[in-house]
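# Coordinate analysis (summary)
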Amino acid sequence: CKIDYQAPNGLLNDRVILVTGAGDGIGRTAALTYARHGATVILLGRTIAKLEAVYDEIEAAGGPQPAIFPLNFEGASLKDYQDMADTLDKEFGRLDGILHNAGLLGRITPFEQYNPELWDQVMQVNINGPIAMTQALLPLLKSSADASVIFTSSSVGRKGRAYWGAYAVSKFATEGFVEVLADELEHLGSVRVNSLNPGATRTQMRRSAYPGEDPDTLRTPEEIMPTYLWLIGPDSRGHNGEKFDAQPPKA
Ligand code: NDP
């Protein structure tokens, strides 16, 4: 946990970073924060109006011109990911970071009642889609001198909990995939892959999961950004295949 990390000025200057689920919640704040630290941010998400609002905010703040990439992990095909790689290759020629942040909660419900179609949707958005996208983008990551790939996990991806169904399973798969890919890329030394658990954070997803909770008791996305900056930027170089937390566990 690097909640006390203070990012130096221009930490992400000249870096091209893709943020998925960049229209809302933690991803929105991460995109704005990365741009504020100098990154050219590629805003990926399924709701274009939300991405446009983030785009406008970055431009208004004088950040590097971002790019918008509309994509829905539920319907995207392998061709979509390949087209995306081709477009980014033409535009930037490399990728210095990916924050895999988009996520779907599904339902908190006993397994016996879990709708199998919803189960598949959650697995598609949280793990299968991001894996296919990562495969297509790997050549671009290898073209970077220092690339950091972050997969977003959860406490239920490290210890299972009743009723969390596909969401928990998808996060366990995320942790597993991070270990596999990190081990495969270790010899390169230039592409690192780690998992990051944001911890309880004040967003719409958290409200859906814990409707009775007072949001004021939770950290905001802004407050957990130090770890997001440290892990995407050069100061975390050398860390590969590790699990990080963006905030200390609640006392
Ligand atoms: P939000 O629900 O606030 O935001 C999720 C983002 O993912 C939205 O921008 C959403 O787009 C996007 N998204 C959802 N489905 C798709 C899809 N099919 N295709 C493309 N984009 C999609 O969630 P949080 O910000 O809270 O969560 C961000 C990450 O952090 C997730 O991976 C979550 O699992 C994880 N996490 C969050 C915790 C918390 O306390 N908040 C705790 C532990 C983990 P749109 O805006 O269009 O709906």
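- For the protein chain, the name recorded in an unreviewed UniProt entry is YciK family oxidoreductase, with Halomonas icarae as its organism.
- Its UniProt record gives the protein chain the following Sequence similarities (unreviewed entry) comment, quoted word for word: "Belongs to the short-chain dehydrogenases/reductases (SDR) family."

### Observations concerning the sheet that holds strand β4 (residues 97–100)
- Across the sheet, which stays open at both edges, the seven strands sit in the order β3-β2-β1-β4-β5-β6-β7 with parallel pairing between neighbours. Both outer strands of the open sheet, β3 (67–70) and β7 (243–245), are each paired with one neighbouring strand and no more. Adjacent strand axes in the sheet meet at a mean angle of 20°, parallel and antiparallel pairs treated alike.
- As paired strands, strand β1 (residues 16–20) and β4 are joined by three bridges and run parallel to one another. From the neighbouring strand, V19 faces β4, where its bridge partner is L99.
- Contacts between helix α5 (residues 165–185) and the sheet are confined to β5 (147–152), β6 (191–197) and β7, with β6 contributing the most and set at about 160° to the helix.
- Helix α7 (residues 225–232) contacts β1, β4, β5, β6 and β7 of the sheet and is inclined by roughly 140° relative to β5.

### Examining the pairing of strand β2 (residues 40–45)
- Counting buried positions along β2 gives six out of six residues, so the element sits mostly inside the fold.
- Going residue by residue along β2, you find T40, I42 and L44 tucked away on one face and V41, L43 and G45 tucked away on the opposite face as well.
- Note: β1 against β2, five bridges, orientation parallel. Paired with V16 across the bridge in β2 is T40.
- Between β1 and its parallel partner β2, the chain crosses via helix α1 (residues 25–36), and the hand of that crossover is right-handed.

Thresholds applied
- Residues numbered from 1 in each chain as written.
- Predicted model: local features only at pLDDT ≥ 70, side-chain atom pairs only at ≥ 80, totals over all residues.
- UniProt positions renumbered as here; feature names shortened; annotations may be inferred.
- Pairing = 2+ DSSP bridges.
- Helix = DSSP H or I, 4+ residues; strand = E, 2+ residues; numbered from the N terminus.
- Axes fitted to C-alpha atoms, helices over the stretch in contact; angles between N-to-C directions.
- Contact = placed C-beta atoms within 7 Å.
- Buried ≥ 20, exposed ≤ 12 C-beta atoms within 10 Å, placed from the backbone.
- Right-handed = clockwise from strand over helix to strand, strands pointing away.

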